[in-house]
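Architecture at a glance
Below, each chain spelled out in residue letters.
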Amino acid sequence: LRQTSDRFLREDRHDEAVACLQALLDLLSTQDVSEAIAIRFKLAEVLADIGKPAAAAQTLYPLIDRYYEEDLSSTGGITAVSADTMARAVMLTSKYLYEAKDFEALFTLSDKHRDTEAVGAYRPQVLYITWVAARRADRPHLAEIVRESFLTDYAAHPLAADIYFAEAMDALARSDYDAAQRLLEYIVYRYPESRLINRVEDIRKRLDDQAPASP
């Protein structure tokens, strides 16, 4: 089943690959727990890649539930879910829910997990995804809360540059060129390795070119 699913993926036969991965997951869930977890992540990834992010999110929910539940009857026999596995599942489920535009489900998941120690190293990504979703769903109060949490706890994280860049674009949209320039300058100073640096430098140059000459 594993080899056949890989072959189907190479041949872009996605539905058949999903069927193989699901069958493999059903077999492994009562035999090899660690391998079953790996296949569950793989199945979710494939579902997201073929445009089914909601199904991908549903595939990972049992990993999150099992971390907190003693009763295995509702988790398909999943056992021994580590904190890292659960945290990764929370982050990826948040991502898939965002792609599915199921913002309310994303916010519910985020509210439960984003300020807990259990999400560990994945907390910056969970906060960032929540912030982006809150902006898109017109939830400014939530966006501000999550922004403050992110910048307070992870000011040096590369994704902080993305937050400041979005705010610079907001400033440009309202024609506040001074604020935009300050934010862009801060990104260059604070996050020189950001993936956005080329775009930032290009926008700064255009703003400089448009600035009126000093008398």
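Description of the structure in this document.

**So, the environment of Arg-190**
If you trace the backbone, Arg-190 turns up in helix 10 (residues 177–190). Residues Arg-190 and Ala-161 lie 29 residues apart in sequence; the distance between their C-alpha atoms is 8.2 Å. When residues no more than four places from it in sequence are discounted, the contact partners of Arg-190 are Ala-155 and Ala-156.

**Some words on the packing of aromatic side chains**
On inspection of all chains with the given rule, the structure shows six aromatic pairs. Measuring from centroid to centroid gives 5.8 Å for Tyr-98 and Phe-103, while their planes differ by 50°, and the two rings are tilted. Following the ring pairs from residue to residue traces out a cluster consisting of Tyr-164, Tyr-186 and Tyr-191. The ring centre of Phe-41 lies 3.9 Å from the NZ or CZ of Arg-88, which sits over that ring.

**A short note on the pattern of salt bridges**
This structure, assessed with the given rule, holds 17 salt bridges. Here Glu-104 and Arg-139 are joined by a salt bridge, their closest N and O atoms 3.2 Å apart. Taken together, the residues span a long stretch of sequence, with Glu-104 in helix 6 (residues 103–113) and Arg-139 in the loop between helix 7 (123–136) and helix 8 (140–153) at a distance of 35 residues. The class for Glu-104 is exposed, based on a relative accessible area of 51%.

**Some thoughts on the layout of surface pockets**
Roughly 180 Å³ of internal volume is contained in the largest pocket. Residue lining of the largest pocket: Met-91, Lys-95, Tyr-98, Gln-125, Tyr-128, Ile-129, Val-132 and Leu-159, and that is the complete set. For the lining of the largest pocket, the elements supplying multiple residues, two or more each, are helix 5 (83–99) and helix 7. Ranked by residue count, the leading element in the lining of the largest pocket is helix 7, at four residues. Classifying every residue of the lining of the largest pocket gives six nonpolar, one polar and one charged.

**Thoughts on the packing of helix 6 against helix 7**
One way to put it is that helix 6 packs onto helix 7 with a least axis distance of 10 Å and a crossing angle of 145°. Helix-helix and strand crossings are classified by hand; for helix 6 and helix 7 the assignment is left-handed. For the pair helix 6 and helix 7, contact is made by Phe-103, Leu-106, Phe-107 and Ser-110 and by Val-126, Ile-129, Thr-130, Ala-133, Ala-134 and Arg-136, respectively. Residue classes in the contact of helix 6 with helix 7 are distributed as seven nonpolar, two polar and one charged.

**Regarding the nonpolar core**
Formed by 65 residues in total, the largest nonpolar core has its most connected members in Leu-60, Tyr-96, Phe-150, Leu-184 and Ile-187. A total of nine residues in this core trace back to one element, the largest contributor, which is helix 3 (residues 33–49).

So, how was this worked out
- Residues numbered from 1 in each chain as written.
- Predicted model: local features only at pLDDT ≥ 70, side-chain atom pairs only at ≥ 80, totals over all residues.
- Heavy atoms only, no water.
- Helix = DSSP H or I, 4+ residues; strand = E, 2+ residues; numbered from the N terminus.
- Contact = heavy atoms within 4.5 Å.
- Phe/Tyr/Trp six-rings, centres within 6.5 Å; stacked < 30°, edge-to-face > 60°.
- Lys NZ or Arg CZ within 6 Å of the ring centre and 35° of its normal.
- Salt bridge = Lys/Arg side-chain N within 4 Å of Asp/Glu carboxyl O.
- Buried < 20%, exposed > 50% of the residue type's maximum accessible area, 1.4 Å probe, protein only.
- 1 Å grid on protein atoms, 1.4 Å probe; cavity = no way out; pocket = protein on both sides within 12 Å on 5 of 7 lines; lining within 4 Å.
- Points joined across faces, edges and corners; volume = space filled by probe spheres on them.
- Nonpolar A, V, L, I, M, F, W, Y, C, P; charged D, E, K, R; others polar.
- Axes fitted to C-alpha atoms, helices over the stretch in contact; angles between N-to-C directions.
- Left-handed = near helix turned anticlockwise from the far one by under 90°.
- Core = buried A, V, L, I, M, F, W, Y, C linked by side-chain atoms within 4.5 Å.

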